[in-house]
There are 2 protein chains.
Amino acid sequence: MNGENEILDRCEETIIHPDIVEKLKKELLTEQKSYNLSEFFKIFGDLTRIRIIQVLSLQELCVCDISTILNISQSATSHQLKILRQFGVAKPRKDGKMMYYSISDEHIKSIFTNGLEHISE
Amino acid sequence: MNGENEILDRCEETIIHPDIVEKLKKELLTEQKSYNLSEFFKIFGDLTRIRIIQVLSLQELCVCDISTILNISQSATSHQLKILRQFGVAKPRKDGKMMYYSISDEHIKSIFTNGLEHISE
DNA sequence: AATATATATGAACATATAAACATATATAAA
DNA sequence: TTTATATATGTTTATATGTTCATATATATT
């Protein structure tokens, strides 16, 4: 309705540090890139998925083994693996009626390890 | 009810690779550690928070500047900063009635950068 | 061909959580 | 000490999403 008052619940008329605000506005990531990044990190922000990522970072596994090791239903495992696939976190390999999954690249293992070290401090 | 059939929706009676299953079960992180790790990564898995993390990784900022730069309400900004504080992602510095926030350590910047590089491939 | 089994997936449901709104707190300025 | 302002927070509501259940698909085995 009113461009200047779109968000009322913010610091009043006066911008605190106009120079800093202007400078940083130019350095912002695009909304699209920020969104993609948050969606990517969302993958790691779920207990079931992080457990799957952990075991897959140890070795390639079939769906049944993953679900048995982690005590997760086949359906839930498969649903989560689909998400991991879609975001390029895990990659599938088909062998007969079995599907084997592994971590798709070293970036993923780095992020996992980095986070694990951080919370272990 | 039935220990052996707690989860029916999994591979049938036969475990596919008993040796692998037994080996990996021993290498599992504790449930607590996995949970903490997923909660930690959850911080990065939200558009608003990842945008706050981005600007804070550029420089220390007061709440009002953050909300102005990102066009987020003061309330929403403060709520998210509370979460970032609680998980040791951002640290506050008080100066009069102003609160300045900055990224609490290099681990956070690494994870952010690592993720950004990954999605940029 | 019929059956068994490993995996995938659509839909429903329950839960988690981010944003808005209202209001409280704390400090500065008058 | 009264007012203004920067930040914090409790509550409500809307939305997102993980799990379950039922079922489909694909391959192997008989």
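Being a predicted model, the structure only gives us computed values, none of them experimental.

Draft legend 1. Looking closely at the protein's contact with DNA strand D. Taken together, the neighbourhood of DNA strand D is formed by 29 residues, with A:Thr48, A:Ser75, A:Gln80, B:His79 and B:Tyr101 sitting nearest. Each atom of DNA strand D within 4 Å of the protein belongs either to a base or to sugar and phosphate, the latter forming 66%. Taking B:Lys97, its side chain carries an N or O atom lying 3.4 Å from a sugar or linking oxygen of DNA strand D. For the surface near DNA strand D, the element with the most residues is helix H5 (residues 74-86) of chain B, which contributes 6 residues.

Draft legend 2. The relation of the copies chain B and chain A, seen in detail. When chain B is brought onto chain A, the operation consists of a screw motion whose angular component is 180° and whose axial shift is 0.0 Å, with 0.0 Å RMSD remaining. Such a combination of rotation and displacement between the chain copies is what one expects of a two-fold axis. Taken as a fraction of all interface residues of chain B, those also at the interface in chain A reach 100%, which identifies the copy contact as same-surface.

Draft legend 3. Spatial organisation of the packing of aromatic side chains. Tallied over the entire structure, the rule returns 6 aromatic pairs over all chains. Ring geometry for A:Phe44 and B:Phe41: centres 5.1 Å apart, planes at 45°, overall tilted. Of the two residues, A:Phe44 sits in the loop between helix H2 (31-42) and helix H3 (47-58) while B:Phe41 sits in helix H2 (residues 31-42), which places them in two different chains. As far as burial versus exposure is concerned, A:Phe44 and B:Phe41 are alike and both buried. An aromatic cluster is defined as three or more aromatic residues linked by ring pairs; in this entry it consists of A:Phe40, A:Phe41, A:Phe44, B:Phe40, B:Phe41 and B:Phe44.

Draft legend 4. Here's a closer look at the pairing of strand S3 (residues 98-103) of chain A. Residues and elements named next belong to chain A. Note that strand S1 (residues 61-62) and S3 share 2 bridges and pair antiparallel. Across the sheet, residue Cys62 finds its bridge partner in S3, namely Tyr100. Bridge analysis of strand S2 (residues 90-95) against S3 gives 6 bridges, and the strand direction is antiparallel. Each residue of the ladder has a partner; that of Asp95, found in S3, is Met98.

Calculation notes
- Residues numbered from 1 in each chain as written.
- Chains lettered and ligands numbered in written order.
- Predicted model: local features only at pLDDT ≥ 70, side-chain atom pairs only at ≥ 80, totals over all residues.
- Heavy atoms only, no water.
- Near = heavy atom within 4 Å.
- Polar contact = N/O pair within 3.5 Å; in protein donor to acceptor, adjacent residues only side chain to side chain.
- Helix = DSSP H or I, 4+ residues; strand = E, 2+ residues; numbered from the N terminus.
- Least-squares fit on C-alpha atoms with pLDDT ≥ 70 in both.
- Contact = heavy atoms within 4.5 Å.
- Phe/Tyr/Trp six-rings, centres within 6.5 Å; stacked < 30°, edge-to-face > 60°.
- Buried < 20%, exposed > 50% of the residue type's maximum accessible area, 1.4 Å probe, protein only.
- Pairing = 2+ DSSP bridges.

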